[in-house]
Amino acid sequence: MTGHRPLDPTRVTDQKAVREPNARVWILASGILAAIAIVLFAFSVPIVAAWAWIGIAFQVAIFAALLANGLTGRRSSYQGYLFAVLMCVQAAVALIVIVIIAIAAWMPMG
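What counts as what
- Residues take numbers from 1 onward in each chain, read along the sequence in its written order.
- Only residues with pLDDT of at least 70 get local features here, since the model is predicted, and only at 80 or more are side-chain atom pairs given and counted; chain-wide, interface and lining totals rely on the full set of residues.
- The basis for every side-chain value is the complete set of heavy atoms in the structure, and neither hydrogens nor water enter the calculation.
- For helices the rule is a DSSP run of H or I covering at least 4 residues; for strands it is a run of E covering at least 2, with both sets numbered from the N terminus onward.
- Think of it in three bands: residues with accessible area under 20% of the maximum for their type are buried, residues over 50% are exposed, and the middle band is partly exposed, with areas taken using a 1.4 Å probe on protein chains only.
- Note on definitions: a residue-residue contact is assigned when non-hydrogen atoms from the two residues lie within 4.5 Å.
- When two rings of Phe, Tyr or Trp (its six-membered ring) have centres within 6.5 Å they constitute a pair, described as stacked for plane angles under 30 degrees, edge-to-face for angles over 60, and tilted for the intermediate range.
- Every helix has an expected span of 1.5 Å times one less than the residues it contains.
- Patches in this entry comprise residues that are over 30% relatively accessible and not in a salt bridge; like charges within 9 Å are linked, as are nonpolar side chains (Val, Leu, Ile, Met, Phe, Trp, Tyr) within 5 Å.
- The Shrake-Rupley method, run with a 1.4 Å probe sphere, supplies the accessible areas, and residue values consider only the shown protein chains as cover.
- By definition, a salt bridge exists where a carboxyl oxygen of Asp or Glu is found within 4 Å of a side-chain nitrogen of Lys or Arg.

Caption draft 1: Looking closely at the side chain of Gln-59. Within the secondary structure, Gln-59 is located in helix α3 (residues 49-72). You can call Gln-59 buried: its relative accessible area is 0%. Discounting chain neighbours no more than four positions away, the residues touching Gln-59 are Leu-33, Ala-34, Ala-37, Ile-38, Phe-41, Gln-90, Val-93 and Ala-94.

Put into structure tokens, the structure is as follows:
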């Protein structure tokens, strides 16, 4: 067994969802995350329009990239790894933008 190592459950690349990706599950999870983030950002448009629209644009773009990966990618561990990276970026962007919006909402005007 040269070149093979035992699976380590603490490694992202060793997770079954990454090794044997199910595109529908990844697309559904990303769509739910995008929908929640977009709704939150839409409610924030009156507070900080620029950041809200930036957040919406990023969510749409990242979801589109994940969708493209799911519809055009080969079923492989590389596709699963790309799903995982895109989901992490999507979640991180949503968190960063919502924190920026929250800070802006609490800052005194003028």
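Caption draft 2: The side chain of Ser-76, seen in detail. Within the secondary structure, Ser-76 is located in the loop between α3 and α4 (77-106). Excluding residues within four positions of it along the chain, Ser-76 makes contact with Val-18, Arg-19 and Pro-21.

Caption draft 3: Expanded view of the packing of aromatic side chains. On inspection of all chains with the given rule, the structure shows 1 aromatic pair. Judged by centre distance (5.5 Å) and plane angle (10°), the rings of Trp-26 and Phe-83 are stacked. Separated by 57 residues along the polypeptide, Trp-26 in helix α2 (residues 23-44) and Phe-83 in helix α4 bring together distant segments of the chain. Judged by relative accessible area, which is 14%, Trp-26 ranks as buried.

Caption draft 4: A look at α3. Taking 1.5 Å per residue, 24 residues should reach 34 Å; α3 reaches 34 Å between its end C-alpha atoms and fits that length. Among all positions of α3, only Ala-52, Gly-55, Ile-56, Gln-59, Ile-62, Leu-66, Asn-69 and Gly-70 are buried. Buried residues in α3 make contact with α2 and α4.

Caption draft 5: Main features of the environment of Ala-57. Mapped onto the secondary structure, Ala-57 falls in helix α3. Here the alpha-carbon distance between Ala-57 and Phe-43, two residues 14 residues apart in the chain, equals 15 Å.

Caption draft 6: Structural detail: the environment of Tyr-81. Structurally, the position occupied by Tyr-81 is in helix α4. Sequence separation between Tyr-81 and Arg-19 is 62 residues; the distance between their C-alpha atoms is 7.7 Å. Tyr-81 has contacts with Thr-13 and Val-18, leaving out every residue within four places of it along the chain.

Caption draft 7: Spatial organisation of a nonpolar patch on the surface. A cluster of nonpolar side chains, namely Leu-28, Ile-32, Ile-36 and Leu-40, defines an oily patch on the protein surface of about 390 Å² accessible area. Locating Ile-36 in the fold gives a position in helix α2.

Everything listed here is a matter of geometry and, on its own, says nothing about what the molecule does.
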